[in-house]
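Structure at a glance
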Amino acid sequence: MFGTARNALFRSRLRLYSAILPVAAAHRPRNISTASFDPTIRQFLVKLAEHQPCFSMNSSHVSILHEPQLFYQKLLNMIRTARHRVFLSSLYIGAEDVELIDALQTSLRDNPALHVYLHLDLNRSTRPGPDSTVHTILPLVRQYPDRVHVHLFRSPKLKGIMARIVPPRFNEGWGTWHPKVYGADDNLMISGANLNTSYFTNRQDRYLRFTAQARLADYCFGFLQASSTFSFKLLPAPESPEGYVLHWPDTTTHPHRIEAKAQQALSAFQRAQHLASPASSVLETEKELSLTPENDHDVLVFPVIQAGQFDIREEERCLGLLFRELSAQQPPRFPGESKYDGPLVDLTSGYFALYKPYQQAIISSRLACRILAASPKANGFYASKGISGRIPEAYTLFERRFIKAVHAAGKEWPQGSSDVSPGVQLNEWEREGWTYHAKGIWVRPTPSSAPAMTLFGSTNLNSRSANLDTELSFVLATTSPVLRQRLADEVDGLRAHARAWRGAGNSEERRVRLGTRALVGVVGGML
């Protein structure tokens, strides 16, 4: 069947790539011309392509969704029209998402060749109780045991005595499976959203859709297949009390000691993909980049893996390179100089606790950077019971520390100024009845131009994403005026709900209790 054959083909290719990698790397230089791209990002793209896989496409196959309801409808439609494969990667699937499960069941019933691949986080998906994710998807596994493939990743950070004493609701603090990739056949949606009702209704995120992109879809599917080699497999077991078993496939590796195995699997996969990148041949010459009718590709997409616990830190390398290259083009400015006309960087995270190297890169740069964080009410943990109710306070504390560092470096935008200035401006997102989960970066070559590049995907750009969670994000660069305007509409739409940061005040909403400060001191890197 198609799914089994494609899986076998991927594994055979991976073995082949691993075998020829040393020879091919020596004989195939990555000389990439990016003549048609904006000079602001040109050198960054050239250097990024030296390390990352790269896929090219026409911008007509890329769309940007703005509302969670539309994301959900497109997701259901992808599943309902799939003929060969559905592959979904998320933190978890909500128990109330009956329509999603029904769509999968119907497609499996109507298409005997269809295979469904789910890759989820083990700790989140096996919380005690009948509403857990595994109990939600178990009927599919029972009905189609040869065509529904469920893999559950367990972070190896939590081991030993701690693995036995940490309560189920808190064991995710030691790392999760975090990529959000939703594919069907050769169509994809990349988001930061999980598969839960709130993410389909009133939890704002980002949603980029790619149609008829076999190579990029194969990459994402291959990433999940590579990750399945160090993940548990969910199997039905009617004789067990829970009705299922978690099968560990590798008898030579303990599931709490997968660091070396995971590092090798992901590194080998990424090296093979980099070697085989279709875009490398597309971008060899400036003639090919002139976007002639024979070659109308005007979009580049670079996948970026971050798995700090496995010593894979591509996101760190990517963002360090980005800020160095952007800053290198900006000469020092002196008081009284003319209006700033350099790059404008927009950055957002629903959980803004910016990773220290990223903080330093932003603060030390000569760039203008606008940051959008969630207000306390827009935080998904607002008004939660117990310790988790302190999480919005913790982010207020992170924001205060960041602004203190910005102020100490003299990099704050002038208060009340509408002009773009080198330095940092912090705003917060709030919309009545909504929570905020968007994350990413947009780069405008000048304040008045549309973005030429964006970073999107699962990363929250914080210490947890860098060191604990497994993340998959993407850099997209384009020369298309239409797609650039859509990127502008996206970030402007998010900023339409922005207001001035209010975290410096002592109102009840922004109070940070002593217990919260102590909590941050102990588990700050897990938030």
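In what follows, the accompanying structure is described. Quick caveat, the model's predicted, so the values are computed rather than measured.

Turning to the packing of helix α3 (residues 68-81) against helix α4 (residues 98-110), a few remarks are in order. Running from N to C, α3 and α4 point in directions that differ by 20°, and their axes come no closer than 8 Å. By the angle between their directions, the pair α3 and α4 is classed as roughly parallel. When you trace α3 past α4, the crossing you get is right-handed. Across the interface between the two elements, Tyr72, Leu75, Leu76, Ile79 and Arg80 of α3 pack against Glu99, Leu100, Ala103, Leu104 and Ser107 of α4. Taken together, the residues that form the contact of α3 with α4 break down as 7 nonpolar, 1 polar and 2 charged.

Applying the stated criterion across every chain yields a total of 23 salt bridges. Notably, a salt bridge pairs Glu428 with Arg510, separated by 2.8 Å at the nearest N-O pair. Here Glu428 is found in strand β16 (residues 423-429), whereas its partner Arg510 is found in the loop between β21 (498-500) and α17 (514-523), with 82 residues between them in sequence. An identical accessibility class is assigned to Glu428 and Arg510; each is buried. Ionic pairing is found between Glu430 and Arg499, a salt bridge with its closest N-O pair at 3.1 Å. In this pair, Glu430 sits in the loop between β16 and β17 (435-436) while Arg499 sits in strand β21, placing the two residues 69 residues apart along the sequence. Given the relative accessible area of 23%, Glu430 is considered partly exposed. Look at Arg499 and you get buried, because its relative accessible area is 17%. Ionic contacts of the salt-bridge type, sharing partners, join the residues Glu399, Glu428, Glu430, Arg499, Glu509 and Arg510 into one network.

All right, on to unusual backbone geometry then. Of note in this structure, Ala212 is not a glycine but carries a positive phi near 55°. Structurally, Ala212 is set in the loop between β9 (207-210) and α9 (214-228). Relative accessible area serves as the criterion here: at 51%, Ala212 is assigned to the exposed category. Positive phi values are uncommon outside glycine, yet Leu461 reaches one of about 65°.

Parameters at a glance
- Residues numbered from 1 in each chain as written.
- Predicted model: local features only at pLDDT ≥ 70, side-chain atom pairs only at ≥ 80, totals over all residues.
- Heavy atoms only, no water.
- Axes fitted to C-alpha atoms, helices over the stretch in contact; angles between N-to-C directions.
- Helix = DSSP H or I, 4+ residues; strand = E, 2+ residues; numbered from the N terminus.
- Parallel < 35°, antiparallel > 145°, perpendicular 65-115°, else oblique.
- Left-handed = near helix turned anticlockwise from the far one by under 90°.
- Contact = heavy atoms within 4.5 Å.
- Nonpolar A, V, L, I, M, F, W, Y, C, P; charged D, E, K, R; others polar.
- Salt bridge = Lys/Arg side-chain N within 4 Å of Asp/Glu carboxyl O.
- Buried < 20%, exposed > 50% of the residue type's maximum accessible area, 1.4 Å probe, protein only.

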